[in-house]
Amino acid sequence: MTNTKDKLVKSITGRDEDFAQWYTDVCRKAELMDYTDAKGFIIYRPYGYAIWENIQHYLDNRFKKTGHENVYMPLVIPESLFNKEGEHVKGFAPETAIITIGGKEVLQERLIVRPTSEVLFCDHYSKIVSSYRDLPKKYNQWCSVVRWEKTTRPFLRGSEFLWQEGHTIHATEQEARAEVRGMLDIYNELGRDLLAIPFVMGQKTDKEKFAGAVETYSIEALMHDGKALQSGTTHYFGTGFASHFNINFQDKDGVVKPVHQTSWGASTRLIGAIIMVHGDDSGLVLPPFVAPIQVVIIPIQSAKPGVLENATLLKDNLEKIDLRVKLDDSDKTPGWKFSEYEMKGVPLRVEIGPRDLETGECVVARRVDGLKTKVKIVDLPAMIPAMMADIHKIMYDKALENVQNNTRIATTYDEFKDLINNKPGYVKMMWCGHVECENKIKEDTTATSRCMPFIQEHLGDVCPVCGRKAEKEVFFAKAY
Ligand SMILES: [Zn+2]
């Protein structure tokens, strides 16, 4: 038993030995994804896709409960329409894939494979909105987008990725701003309730905001290696897009006005965040509420009387309370199964064997810390919800501790450079609001400003980079 386990576990690189390789190993060995012959385009294998489905399910519910409707826009955008966004947004130049041939004909107008659907929404809204009675429109789309990336990594950066993009239009600035903040809160709560990831929330600096947005907000997560990962963004567009695309409405006062617009998105990057925040040397560790398999039941000596019967009965009882359960009665050895489900990060493993059955008991092992307890099988269904809540809390607290232990303050620029180059995590520092200082920081250290947190601390009166008056506290980090 131990031999097979050792062999399987040794096949992934140590997390602290080579984090990038460890990450790739986990993605593949936990069967989350696989590569294809088209570089940058991955297969989301069932186990990886199921994590995405659980994220979708949570978000989709929250979106609908806050009055949003799902739509589906086409995969392609005519080039002339696409270029209209470029005219409006300086610096909007995603690497696109372009369709030039349809059937055997060279197309008269080339078609862009959507890198985002902003212009499709703008164009559509300009046609369907004319009065204040038509507002607000709160649309969301689940789809994939294509951005021709040079370097790609599973889930973190791909030429194609899956996401949701919300696009809303409103009669007033106040309503649009409330939308932008409300959706950011939903992303934050996704972390708190489902992913066990504490996010830092705040506003992006002008340098880091989405080109064309008046303001961009983000949730940032800290990975185990101390790098930050932008995990979701919301944008307030003001009336800029509306004026450019003629999305106007006649208001109650009879005056024709441009709408106030927002957009917001989260993607399969979140799967990368889950892996890099929680994983360990034995593989994936999944938070229980997002895990595709929440409980795995492994029969020990399943040929012995009562073992398989009890295991099956337990599975049925757990499914009755809506848990996602797998009974692995395959003929692989229990040791092999233990390490396989460890690799896959299944939160709870239940072992049912002939010896424990004599007293009606089974062994429950937690993936998060390996803690094993013996419990009566009949009591287990009632106990599992509390066990899952416990595990979720342990994982959230551990991740929060990692953020707290790796968030440091710099009051001089030398101190900043020392911390950002030699310690993992965030460095908080005051900033004057000038882009030159951000540029200098990036040049000197490769770190970027992640966000200006909503809860601002006063760490000093001047910007340590230039000595000018400090305007904001900023979280800086090296980032994915
Ligand atoms: Zn400065």
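The structure reproduced in this document is the subject of the present report. Bear in mind the structure is a predicted one, so any value in this text is a computation, not a measurement.

Before going further, it helps to examine the packing of helix 3 (residues 46–65) against helix 6 (residues 173–195). With their axes 11 Å apart at the nearest point, helix 3 and helix 6 run at an angle of 140 degrees to one another. The angle between helix 3 and helix 6 falls in the class oblique. Crossing handedness for the pair helix 3 and helix 6: right-handed. Residue-level contacts link Asn54, Ile55, Tyr58, Leu59, Arg62 and Phe63 of helix 3 to Met183, Ile186, Tyr187, Glu189, Leu190, Asp193, Leu194 and Leu195 of helix 6. When the residues that make up the contact of helix 3 with helix 6 are grouped by side-chain class, the tally is 10 nonpolar, one polar and three charged.

To continue, consider the environment of Thr239. Looking at the element boundaries, Thr239 is found in the loop between strand 11 (228–238) and helix 7 (240–245). Separated by 26 residues in the primary sequence, Thr239 and Ala213 place their C-alpha atoms 9.7 Å from one another. Excluding its chain neighbours within four sequence positions, the residues that come into contact with Thr239 are Pro258, Val259 and His260.

This part takes up the coordination of the zinc ion. Protein coordination at the zinc ion comes from Cys432 (SG), Cys437 (SG), Cys463 (SG) and Cys466 (SG), with a distance range of 2.2 to 2.4 Å. Considering all four donor atoms around the zinc ion, the spread of angles at the metal, 104 to 120 degrees, places the coordination shape in the tetrahedral class. In primary sequence terms, the donor set of the zinc ion follows C-x4-C-x25-C-x2-C. For Cys463, a relative accessible area of 1% puts it in the buried group. Under the relative-accessibility criterion, Cys466 is labelled partly exposed at 33%.

In this section: the pattern of salt bridges. Enumeration over the complete set of coordinates arrives at 31 salt bridges. The closest approach of N and O atoms between Arg181 and Asp185, which form a salt bridge, is 3.4 Å. One end of the pair, Arg181, and the other, Asp185, are both in helix 6, four residues apart, so they sit about a helical turn from each other. With relative accessibility at 35%, the residue Arg181 sits in the partly exposed group. Put simply, Asp253 and Lys257 hold a salt bridge, and the shortest N to O gap is 3.1 Å.

What counts, and at which threshold
- Residues numbered from 1 in each chain as written.
- Predicted model: local features only at pLDDT ≥ 70, side-chain atom pairs only at ≥ 80, totals over all residues.
- Heavy atoms only, no water.
- Axes fitted to C-alpha atoms, helices over the stretch in contact; angles between N-to-C directions.
- Helix = DSSP H or I, 4+ residues; strand = E, 2+ residues; numbered from the N terminus.
- Parallel < 35°, antiparallel > 145°, perpendicular 65-115°, else oblique.
- Left-handed = near helix turned anticlockwise from the far one by under 90°.
- Contact = heavy atoms within 4.5 Å.
- Nonpolar A, V, L, I, M, F, W, Y, C, P; charged D, E, K, R; others polar.
- Donors = N, O, S within 2.8 Å, 3.2 Å for Na, K, Ca; no water.
- Tetrahedral: all angles 85-135°; square planar, octahedral: opposite > 155°, others 65-115°.
- Buried < 20%, exposed > 50% of the residue type's maximum accessible area, 1.4 Å probe, protein only.
- Salt bridge = Lys/Arg side-chain N within 4 Å of Asp/Glu carboxyl O.

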